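Structure assessment
Listed below are the residues making up each chain.
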Amino acid sequence: MPIAITAFNAESIARLGVSSSTELANFTPNLTYVPAGGVGSMIGMRGVVDVNFTNSTVGSVGMIVDDVAMNSPVLNTFALFDLDRVEVLRGPQVTLYGRSTTGGAINVITRRAKVTDGTNGYVTLRAGNFNALDFEGAVGTALGGKTALRIAAVAQSRDGVFNNLTLGKKSGDYDRLGIRASLSSELSDSVDLYASAFVGSKRGQSLPYKSVGLVQAPGVTPCAAPRIGSGCMDISGFADNGDFSQVFSDLPNPIENVNVRGASAELRWNAGAVAFTSITAWIRN
């Protein structure tokens, strides 16, 4: 059965400079990220998106990392590092991933430790505007004849890119940190184990909003074409401009502090023509 899919391998992600899950929308048709309550994002695909301001909402587009669903808007936004590939699948994907993927699914597959790779690793460092600095590195090694270990880490930081004209200062800075360790082992000729554990954090400011006015001045005459920068006002009489580098938030310090940690284990039994897979995961944010 044919399926609409956009796929990125590790080389493509590095070449495009994609460093977080939200940036996949810049290179994927019909994929959007909608801020959810200032912390995290709801994912949209082909116009199918749930916009709810709770951190426990399960949306219509699933985020899956190594076959484990990230069922929270807080978990949808994270750094991409040491990957094998990313698959963006248009929905519905309910057969494989359940009812939370009617709009589609984003399938992230990290790079696994392999005995056949021997000892290997890499380090990358990128710098950019607004004092942006990204570090990424990983190392893998064989622990024995049938077991291998891999450790990967990422650190990202950037100053604010938005000019808050109400408060007279920059906003939108962040610092991200992520560490992941994985273990692959061939327990027998027919049983394989893959286990991983990770911790991550984000410190910074939540992204500011732009206001879409619905009425014209004077009075409450409906706006003919409500959009950002159209000159239309909201109910308080404020009309936002069309410059996305400028915001007017009066929140003095919109802190966004996110901590997440988790672990997963995949046990696979190859029974001739049939393979049985058990996946167990625990995630806390």
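Here the structure is shown first, and the text comes after it.
A quick note: this is a predicted structure, and the numbers were derived from the prediction, not measured.

For the rest of this paragraph, the subject is the overall build of the protein. Scanning the protein for helices and strands turns up two helices and 19 strands. Across its three principal directions, the C-alpha atoms of the protein cover 75 × 45 × 30 Å. The proportion of buried residues among the 285 residues of the protein is 37%. Residue pairs in contact within the protein that sit at least 24 positions apart in sequence constitute 54% of those at least 6 positions apart.

We now examine the side chain of Asp 66. By the secondary structure assignment, Asp 66 is in the loop between strand 4 (61–65) and strand 5 (68–69). Buried charge Asp 66 goes without a salt bridge, the closest partner of opposite sign being Arg 112 at 5.0 Å. Contacts of Asp 66, omitting those with residues within four sequence positions, involve Val 108, Ile 109, Thr 110 and Tyr 194.

Side-chain alternation along strand 1 (residues 5–9) places Thr 6 and Phe 8 on a buried face and Ile 5, Ala 7 and Asn 9 on a face that remains uncovered. Inspection of the sheet shows strand 1 paired to strand 6 (residues 83–90) by five bridges, in the antiparallel sense. Bridging from a neighbouring strand, Ala 7 pairs with Glu 87 of strand 6.

Here we come to the pattern of salt bridges. Pairs can form between side chains of opposite charge once their charged atoms are near each other. Under the defined criterion, the tally for this structure stands at seven salt bridges. Notably, a salt bridge pairs Lys 210 with Asp 240, separated by 3.1 Å at the nearest N-O pair. Of this pair, Lys 210 sits in the loop between strand 14 (191–205) and strand 15 (215–216) while Asp 240 sits in the loop between strand 16 (221–222) and strand 17 (246–247), and the two are 30 residues apart along the sequence. Accessibility classification places Lys 210 together with Asp 240 in one group, the buried group. Taken together, the shared-partner salt bridges connect Asp 84, Arg 85 and Glu 87 into one network.

Glancing now at the sheet that holds strand 8 (residues 120–128). The strand order across the open sheet built from seven strands is 8-9-10-13-14-18-19, with neighbouring strands paired in antiparallel fashion. Across the chains shown, the open sheet's two edge strands, defined by having one partner strand only, are strand 8 and strand 19 (274–284). Looking at each pair of strands side by side, their axes are set apart by 10° on average, direction ignored. Across nine bridges, the pairing between strand 8 and strand 9 (residues 132–142) is antiparallel. Paired with Arg 126 across the bridge in strand 9 is Asp 134.

One pass over the structure, following the stated rule, counts one disulfide. Shown here is the disulfide that connects Cys 223 with Cys 232, its sulfur atoms set 1.6 Å apart. Between Cys 223 and Cys 232 the disulfide shows an S-S torsion of about 45°. By sign, it is right-handed. In terms of burial, Cys 223 and Cys 232 fall into one category: buried.

What follows covers the nonpolar core. Leu 24, Met 63, Val 86, Ile 106 and Val 108 are the most contacted members of the largest nonpolar core, which totals 22 residues. Of all the secondary-structure elements, those providing two or more residues to this core are strand 2 (31–35), strand 3 (41–45), strand 4, strand 6 and strand 7 (104–110). With residues near it in sequence (within four places) discarded, Val 108 still touches Met 63, Ile 64, Val 65, Asp 66, Phe 78, Leu 80, Leu 83, Arg 85 and Val 86. If you look at the next biggest cluster of nonpolar residues, it comprises five residues, including Ala 79, Phe 81, Ala 138 and Val 154.

So, on to the environment of Ala 181. Structurally, Ala 181 can be placed in strand 13 (residues 174–186). Residue class for Ala 181 comes out partly exposed when judged on its relative accessible area of 30%. Separated by 14 residues in the primary sequence, Ala 181 and Ala 195 place their C-alpha atoms 8.4 Å from one another. In contact with Ala 181, other than residues within four places in its own chain, are Arg 150, Ile 151, Ala 195, Ser 196 and Ala 197.

Right, let's talk about the sheet that holds strand 5 for a bit. Sheet strands line up and pair through hydrogen bonds in the backbone, either parallel or antiparallel. Pairing in this open sheet of five strands is mixed, and the strands run 1-6-7-4-5 from one edge to the other. Where the open sheet ends on each side, the last strands, each with one partner, are strand 1 and strand 5. As judged from the seven bridges shared by strand 6 and strand 7, these two strands associate in the antiparallel manner. Its bridge partner lying in strand 7, Val 86 is registered against Val 108.

Parameters and conventions
- Residues numbered from 1 in each chain as written.
- Predicted model: local features only at pLDDT ≥ 70, side-chain atom pairs only at ≥ 80, totals over all residues.
- Heavy atoms only, no water.
- Helix = DSSP H or I, 4+ residues; strand = E, 2+ residues; numbered from the N terminus.
- Buried < 20%, exposed > 50% of the residue type's maximum accessible area, 1.4 Å probe, protein only.
- Contact = heavy atoms within 4.5 Å.
- Lys, Arg positive; Asp, Glu negative; His and termini not counted.
- Salt bridge = Lys/Arg side-chain N within 4 Å of Asp/Glu carboxyl O.
- Pairing = 2+ DSSP bridges.
- Axes fitted to C-alpha atoms, helices over the stretch in contact; angles between N-to-C directions.
- Disulfide = S-S within 2.5 Å.
- Core = buried A, V, L, I, M, F, W, Y, C linked by side-chain atoms within 4.5 Å.

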